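If you want the building blocks of each chain, they are given just below.
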Amino acid sequence: MSRKTARLTVDHLAELADPVRACLFWELGPVDRARLDEQQRVAEKERWLSGVLRDWGSCGRVVRVDGRTVGHIVYAPAAYLPGAAALPTATTSPEVVVAATAWIDPGLRGGGLGRVLVQAMAADLVERGHTAIEAYGDTRGRPDGCVLPAEFLGSVGFRTQRAHPTTPRMRMDLRTTLRWKDEVELALERMWGVVRPTQKATRPIGSVRAASGD
C-alpha cells in the first residue's frame, strides 16, 4: 500500500466520510450550528478552512492510502474555534493552538495512523515556532466523535492541564520534546517502510591500498 501525509486542503474535505466533513462542533458556536442544514454545514466547513488557511496557514494534516484520504487532524488557535467556549475547561487565551479533532477510517484504526497524524501536526507547529498544543479529551465516548478520546490523547503525549470528569483540557509541551522532528521522520519512515541510508565512513584511496598491501 502507498501511504503518505499531506497538508489538509478544501479538496480533501470532499473525500472525508459523513458526518465528519459536516462537523462544525469547533468552527461555530451551538446556536449558529443549529441554524444550518447538512448542505449548509458542508459549505460552512469549506469556508472556515479556506479562511484559516488564508489568515493563519496550514491547520490540518491528512493521511492518504493508495491515493485515498483515510484520516485527518484539524488544529488552529483557539480564536478560530469558537465552539470550544461551550466546554467546561475552555482556555482563556485565544492564542493557544488547539488540536480540535481527528478521524481515521474505521477499517484502518489500530494501525498507528492516528499517532502519525499527531506527530505530523507537532512537527509543523515546531517548524512554525509554537511551543505547545492543547486539546480537549472526552472520557464518555461521545457518539459524534468530534471531541478526541482522552485515552488516545494520553497515549500520544498529551498530559492533563486542567482536570475535569468528562472533558479534561490536555497539553503537549513542545519545549520538552526538542527531538520531535527526528522522531517524526523516523516514525513516518517506519510506517511507510522507508529505510534511511547508513552513513559509511570513507577513507582516501591511498589508505585503502596501504591497508590491503597493494
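Above this text sits the structure in question.
What counts and how
- Residues numbered from 1 in each chain as written.
- Predicted model: local features only at pLDDT ≥ 70, side-chain atom pairs only at ≥ 80, totals over all residues.
- Heavy atoms only, no water.
- Helix = DSSP H or I, 4+ residues; strand = E, 2+ residues; numbered from the N terminus.
- Polar contact = N/O pair within 3.5 Å; in protein donor to acceptor, adjacent residues only side chain to side chain.
- Disulfide = S-S within 2.5 Å.
- Expected span 1.5 Å × (residues − 1).
- Buried < 20%, exposed > 50% of the residue type's maximum accessible area, 1.4 Å probe, protein only.
- Contact = heavy atoms within 4.5 Å.
- Phe/Tyr/Trp six-rings, centres within 6.5 Å; stacked < 30°, edge-to-face > 60°.
- Lys NZ or Arg CZ within 6 Å of the ring centre and 35° of its normal.

Asker: What exactly am I supposed to notice about the side chain of T101 here?
Answerer: Relative to the assigned elements, T101 resides in strand 4 (residues 97-104). There is a polar contact of 3.1 Å between the side chain of T101 and the backbone oxygen of C146.

Asker: Mind showing me how you'd approach the state of the cysteines here?
Answerer: Cysteine pairs can be linked by a disulfide, which is a covalent bond between their two sulfur atoms. Here the structure, examined in full by the defined rule, presents 1 disulfide. Disulfide partner of C23: C146, at an S-S distance of 2.3 Å. In this pair, C23 is assigned in the loop between helix 1 (10-13) and helix 2 (30-34) and C146 in the loop between strand 5 (132-136) and helix 5 (150-155), connecting sequence segments 123 residues apart.

Asker: Please clarify how helix 3 (residues 38-55) should be interpreted in this entry.
Answerer: Residues separated by three or four positions in an α-helix point in the same direction, a consequence of the helix having 3.6 residues per turn. Compared with an ideal rise of 1.5 Å per residue, which puts 18 residues at 26 Å, helix 3 spans 26 Å between its outermost C-alpha atoms and is within 8% of the ideal. Taken together, the buried positions of helix 3 are V42, E44, K45, W48, L49, G51 and V52. Elements that come into contact with the buried residues of helix 3 comprise helix 1 and strand 3 (68-77). The N-cap residue of helix 3 is D37: its side-chain oxygen and the backbone nitrogen of Q39 are 3.2 Å apart. Directly after helix 3, the chain includes G57, whose backbone phi takes a positive value near 110°.

Asker: Hey, could you run me through the packing of aromatic side chains in this one?
Answerer: The way to describe two aromatic rings as a pair is by their centre distance and the angle between their planes. Scanning the model with the defined rule gives 3 aromatic pairs in all. Judged by centre distance (6.4 Å) and plane angle (85°), the ring pair of W56 and Y75 falls under edge-to-face. Of this pair, W56 sits in the loop between helix 3 and strand 2 (60-65) while Y75 sits in strand 3; the two residues are 19 residues apart in sequence, bridging distant segments of the chain. Taken individually, W56 and Y75 each receive the classification buried, so the pair is uniform in this respect. Aromatic ring contacts, followed pair by pair, group F25, W26 and Y136 into a single cluster. Between the NZ or CZ atom of R128 and the centre of the ring of W56, over which it lies, the distance is 4.1 Å.

No statement about biological role is implied by the geometric values presented.
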